[in-house]
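# An overview of the molecular structure
The residues making up each chain are set out below.
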Amino acid sequence: MLRRMTDAPADAADALAETDRPLTQDGPALRLWMIDASAYIFRAYHALPPLTRKSDGLPIGAVAGFSNMLWKYIEDARGADRHGSCGTGIGETVAYALDHFGSDNWASAFWFPAVICFILAIITFFLVRDNPQSMGLPSIEEYHNDPAPVEIDEADKTESTWQTIRRHILRNPTMVYLAFANVFVYTLRYGIVSWAPLYLAQVRGGSTSQGIAGFSIFEISGIIGTLLCGWISDRVFKGRRSVTGIVFMVGVILAVLLYWLPSNDAPMWVSWTALALAGGLIYGPVMLIGLQALDLSPTHIAGTAAGFTGLFGYALGATMASTGIGAIAQHMGWGAAFIFLIICAVLSIVLLGLVDRKEKEILAKARAKRDAVRATQEENATAEETKTAEAELES
């Protein structure tokens, strides 16, 4: 069995089970708390100094930090009105792997969850359908009488899939600009949140719990920011995603400056406010770039386009955020790391500006075509009504 790596009492489960909970018609009230366990493990690893088990030197930093954070969360949630159950599938899977394949076999904590994901992916491949047409239904564009911004042309019908992808994605400057913009946006996203616990503890003098709180504030603000960004994109900028992204990225630069420039003895709420602003602003462009990839490509390769931009974001952006910013902060200081983040924000703004020119052209054509289709439908409806009225008069 796994050795206990927290200071939680052995009868913790019994203590939690005895917590008073208000009764309902269905029994004791329960709350289900969904925990992003993989993010907890990643942040726990980077927030703590290197930890190893004394008996054999096994690295336990991520698991120990995760266990302590999860236990603290459960402890804070105790009480008549706050007791809950945590959905920690990743943590349970890792614990199961280490327990059954040996606590010394740390690699099982990675490959065993991967096998489960692979099996689920196979099931999804056979059960999930691509689009309404595959089920004999009309397309979304036909159902709403709203043509897609980029429609399938005659060349698409004769080309192979690879030729279509190469023409619309790989050789499409707009899509390439969008992919590289995603690199810098993801660098900002993970560069800020991944190192927040360490930065707040090392530079701002905060505790580990305050560093974790900063990470949580960043993520929660991202939910609000994403919804706000979508609304602004549709209602204020009339579908011009690039302009919306540029506005939000300018805000990210200001948030990074607020996070970086105050003195080291500034109150912790200043850093938390900066993280809240950065999280609320950065997740909007993260969402919009994926949406733009769908808008700026034909519907039959829209998923490929979104995957293309996502690949650049995760493969390059997340790598620069974790390894790159860590190396810069270690060898050149946190000031250089923040300058690098600001440069990434500026580059993303430039690239989104290049995308905006093509996006504006595509949107103008799509609106003209949509208006023409609706005008034709109205004319046909008017003609049908006139014909019906004349027929009634004759009868």
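Note that the coordinates shown come from a computational prediction; the quantities given were computed from them, not determined experimentally. (Residues numbered from 1 in each chain as written. Predicted model: local features only at pLDDT ≥ 70, side-chain atom pairs only at ≥ 80, totals over all residues. Heavy atoms only, no water.)

## Looking at the side chain of Arg189
Its place among the elements puts Arg189 in helix α9 (residues 173-194). Notably, Arg189 is buried but unbridged: the nearest opposite-charge side chain belongs to Glu219, and the N-O separation is 5.4 Å. Every residue in contact with Arg189, bar those within four places of it in the chain, is listed here: Phe218, Ile282, Tyr283, Val286 and Tyr314. (Helix = DSSP H or I, 4+ residues; strand = E, 2+ residues; numbered from the N terminus. Buried < 20%, exposed > 50% of the residue type's maximum accessible area, 1.4 Å probe, protein only. Lys, Arg positive; Asp, Glu negative; His and termini not counted. Salt bridge = Lys/Arg side-chain N within 4 Å of Asp/Glu carboxyl O. Contact = heavy atoms within 4.5 Å.)

## A few points about the nonpolar core
Grouped together as the largest cluster of nonpolar side chains are 58 residues, with contacts concentrated most on Met175, Leu188, Ile192, Phe218, Met249, Tyr259 and Ile282. Among the elements of the structure, α8 (161-170), α9, α10 (196-202), α11 (208-236), α12 (241-260), α13 (268-295), α14 (302-332) and α15 (334-394) are those that each provide at least two residues to this core. Residues in contact with Ile282, not counting those within four places in the same chain, are Val185, Leu188, Arg189, Phe218, Met249 and Val252. (Core = buried A, V, L, I, M, F, W, Y, C linked by side-chain atoms within 4.5 Å.)

## Let's talk about the packing of aromatic side chains
This model, assessed by the stated rule, comprises 15 aromatic pairs. Plain terms: the ring middles of Trp111 and Phe112 are 6.1 Å apart, the flat faces sit at 80° to each other, and that makes the pair edge-to-face. With 5.2 Å between their ring centres and 75° between their planes, Phe180 and Phe312 make a pair best called edge-to-face. Of this pair, Phe180 sits in helix α9 while Phe312 sits in helix α14; the two residues are 132 residues apart in sequence, bridging distant segments of the chain. Judged by relative accessible area, which is 17%, Phe312 ranks as buried. (Phe/Tyr/Trp six-rings, centres within 6.5 Å; stacked < 30°, edge-to-face > 60°.)

## Description of the confidence of the model for the protein chain
On average, residues of the protein chain score 79 in pLDDT, and 78% of them are at 70 or above. Across the protein chain, the secondary-structure element scoring lowest on mean pLDDT is strand β4 (residues 85-87), at 40, and the one scoring highest is α12, at 95. Per-residue pLDDT stays below 50 along residues 1-13; that stretch engages in 18 contacts with residues further than four places along the chain or on separate chains. Between residues 15-19, whose pLDDT stays under 50, and residues either more than four places distant or in other chains, the model counts eight contacts. (pLDDT = per-residue confidence, 0-100.)

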